[in-house]
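# Coordinate inspection notes
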Amino acid sequence: MSYAKLVSALARANSTNVNKMLVSPGRYRSTVASAKSREERSQLEGCAVVEAEPVELISHTEAPPKARRSHVKVDFDNTQEAYKSKGNIELLRSLLVFRLCAIDVLVEKNKELMELTKKLFGQRIFEKMMKMTFYGQFVAGEDHNAIKPLIQKNRAFGVGAVLDYSVEEDLTQEEAEKKEMDSCVSEAERQSPDADQREKKYKAHRQFGDRRGGVISARTYFYADEAKCDTQMETFLNCIKASGGASADGFSAIKMTALGRPQFLLQFSEVLVKWRRFFNFLAAQQGKSEMMLLEQKLELDELKESLAKMGLGAKDDIENWFSGEKLGLSGTIDLLDWNSLINNTTKISNLLMVPNLKTGQLEPLLKTFTAEEESQMKRMLQRVDVLANHAVEHGVRLMVDAEQTYFQPAISRLTLEMQRKFNREKPIIFNTYQCYLKEAYDNVTMDIELSRREGWYFGAKLVRGAYMYQERDRAKEIGYEDPINPDYEATNRMYHKCLEYVLEEIDNSRKANVMVASHNEDTVKFTLEKMNEMGLSPAENKVYFGQLLGMCDQISFPLGQAGFPVYKYVPYGPVNEVIPYLSRRAQENRGFMKGSQRERSLLWRELKRRLLSGQVVYRPSY
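You'll find the chain entered in an unreviewed UniProt entry as Proline dehydrogenase, with Takifugu flavidus given as the organism. UniProt annotates the chain under Subcellular location (unreviewed entry) with the comment "Mitochondrion matrix". As stated in UniProt under Pathway (unreviewed entry), the record for the chain gives "Amino-acid degradation; L-proline degradation into L-glutamate; L-glutamate from L-proline: step 1/2."

If you want it as structure tokens, here you go:
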């Protein structure tokens, strides 16, 4: 029985029949073991953040032979190559901006100082001053036409663009909290706030309603209404169109919270987590709780017996749930089989059913959903689908940004569904994995295994993460486990572990792609070393690098000139409307510049080299 049929039956059932289980059919079974044993992998990693079972390939076909070539080396100390795209005035601007970013009082009061400057000098002079300093350093221009010269210049020096329209609402904290509570609490919860069994992590809490708190490197969207979501979708569509026009291999970034009411993301995340927890409960019953994630294969006959004993349906009914499909043909069910929940053809609120381990029944997460809430959920999925189709049409790859952990399970699941649909011929949709999370490696390995089974291209962007302080404070205050790795070194190990796993998948099948989105020079060097060891050529366009515009040019441009696909995140928008973005860049650079003087010293070295060699006026030629 398919999930759609099962959920329809559940919707029609009376209260005594609702305690039946939702399990959707899996797709294809894996057949060939991975090339490295777990012992070999353990020796390579040199750390024990998270362990996972080596996974399997989809068929017996061999991976393409590795290209025979010499190792590619990149010199990140060669300032002449690193800054050959910058004029002397641009170098001076970078030095000035980075120096200002290291002054605490200027950074802490940057928004107030910008407002004061505007009042003293007027809008026109204020805009000119901004374009000569912070705006000129970190923002490409005001609109699609204004950014074209910079994109074309960077392209000439081997650096592509990920377009990112960076306009945000400039809300007060009180306004942000109100918007968040209004958009994250359902009508059913308002009418009977104590009646449901929602988990604390996946409920809105006013003290953390302003999701900008402690976040300096990510944009934040707050829900207003459906019309605003349509407007934001149009903005993303324009970014995709502009990315397609700028180059043949562009990227465009989107955020799920811009596309619909976040209430659905909270609720669906909770459902996914509870279903996974239920699987873990059943695995423990079969004595498999200590196994690695993908080793936990539930014996089908034992599973049927357990479900029947729990009262989750008669034995004949349970038998029907696992028959007529590929699910369970091997006699076992693993977590990937279990996780196949989404079916857009059914009523979306029926997806939000969860197992109650105390009563042994399947129950709705909330008792009722209004017709408007049902419609809002569906419209979010429709907007995502429109964007993905538009990306395909314009030959643009779509980056889905990661967000807070209480939204992320739903965001990752919806992104996975887009990958299943659109990544059949080549990687169009890229998911983002935050490696400061304890579960990052599990998430990467699970999604790669699913891509193998179903035969689509895996696309990933690896980041360290943007919400650490906020996530830690929220977990401590509300009372759930801190999802973040204990320290920076643990996060570094996790990043490198996830990255190495994806590189090995590229080496094995050439059907995975990864963007190493990092300003960490050691991580970039680690990637180059692994690519050389595996014989992965930059010309294959399987491994990309990404940095923010205005930062770490000494990494981006040498990579681009050495033939590696490298991209700048290119923000754009009117001066007044990107001030929240500029404020965050100043704060991020304060920590960055205090932690390392390297970029400033390289900028000074190149400027002095030019002046001493008589290049008082230097204009890039391309």
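### Regarding the overall build of the chain
When helices and strands are counted, the chain shows 24 helices and 14 strands. The 622 residues of the chain split such that 57% are buried. For the chain, contacts bridging at least 24 residues in sequence account for 79% of all contacts bridging at least 6. Accessible area of the chain: about 26,100 Å², with a carbon and sulfur share of 51%.

### Some details on the pattern of salt bridges
Opposite charge on two side chains permits pairing when their charged atoms draw close. Within the structure shown, the criterion is met by 38 salt bridges. The residue E81 makes a salt bridge to K84 at a minimum N-O spacing of 3.6 Å. When its relative accessible area of 27% is taken as the criterion, K84 is described as partly exposed.

### Points about the pairing of strand β12 (residues 512–517)
Within β12, 6 of the 6 residues are buried, which leaves it mostly tucked inside the rest of the structure. Burial of β12 is two-sided: the residues A512, V514 and V516 facing one way and the residues N513, M515 and A517 facing the other way are all buried. Inspection of the sheet shows strand β11 (residues 458–463) paired to β12 by 5 bridges, in the parallel sense. Residue pairing for β12: L462 is matched across the bridge by V516. Alignment of β12 against strand β13 (residues 543–548), held across 4 bridges, turns out to be parallel. Bridging from a neighbouring strand, V514 pairs with V543 of β13. In this region the chain leaves β12, passes through helix α21 (residues 521–534) and returns to the parallel neighbour β13; the handedness of that crossover is right-handed.

### As for the sheet that holds strand β3 (residues 159–165)
Two strands in a sheet stick together by hydrogen bonds in their backbones, pointing the same way (parallel) or opposite ways (antiparallel). Reading around the barrel, the 8 strands line up as β3-β4-β9-β10-β11-β12-β13-β14 and close back on themselves, with parallel pairing between neighbours. Neighbour to neighbour, the strand axes of the sheet diverge by 30 degrees on average, direction disregarded. Lying on the sheet, α21 is in contact with β12 and β13; it crosses β13 at an angle near 170 degrees.

### What about the nonpolar core?
The biggest cluster of nonpolar side chains holds 96 residues, and the ones touching the most others in it are L387, L503, V514, F545 and L559. If you tally residues by element for this core, the top one is helix α12 (residues 262–285), at 11 residues. Counting only domains with at least three residues in this core, you end up with domain 1 (134–265 + 369–593) and domain 2 (267–364).

### Some thoughts on unusual backbone geometry
The phi angle at N541 is positive, at roughly 55 degrees, despite the residue not being glycine. As for its position among the elements, N541 is in the loop between α21 and β13. Even without being glycine, C552 reaches a positive phi, approximately 55 degrees. For C552, the location among the structural elements is in the loop between β13 and α22 (553–561).

Here is what the cut-offs are and how they apply
Residues numbered from 1 in each chain as written. Predicted model: local features only at pLDDT ≥ 70, side-chain atom pairs only at ≥ 80, totals over all residues. Heavy atoms only, no water. UniProt positions renumbered as here; feature names shortened; annotations may be inferred. Helix = DSSP H or I, 4+ residues; strand = E, 2+ residues; numbered from the N terminus. Buried < 20%, exposed > 50% of the residue type's maximum accessible area, 1.4 Å probe, protein only. Contact = heavy atoms within 4.5 Å. Areas by Shrake-Rupley, 256 points an atom, 1.4 Å probe, with all protein chains shown as cover. Salt bridge = Lys/Arg side-chain N within 4 Å of Asp/Glu carboxyl O. Pairing = 2+ DSSP bridges. Right-handed = clockwise from strand over helix to strand, strands pointing away. Axes fitted to C-alpha atoms, helices over the stretch in contact; angles between N-to-C directions. Core = buried A, V, L, I, M, F, W, Y, C linked by side-chain atoms within 4.5 Å. Domains from an automatic or database assignment.

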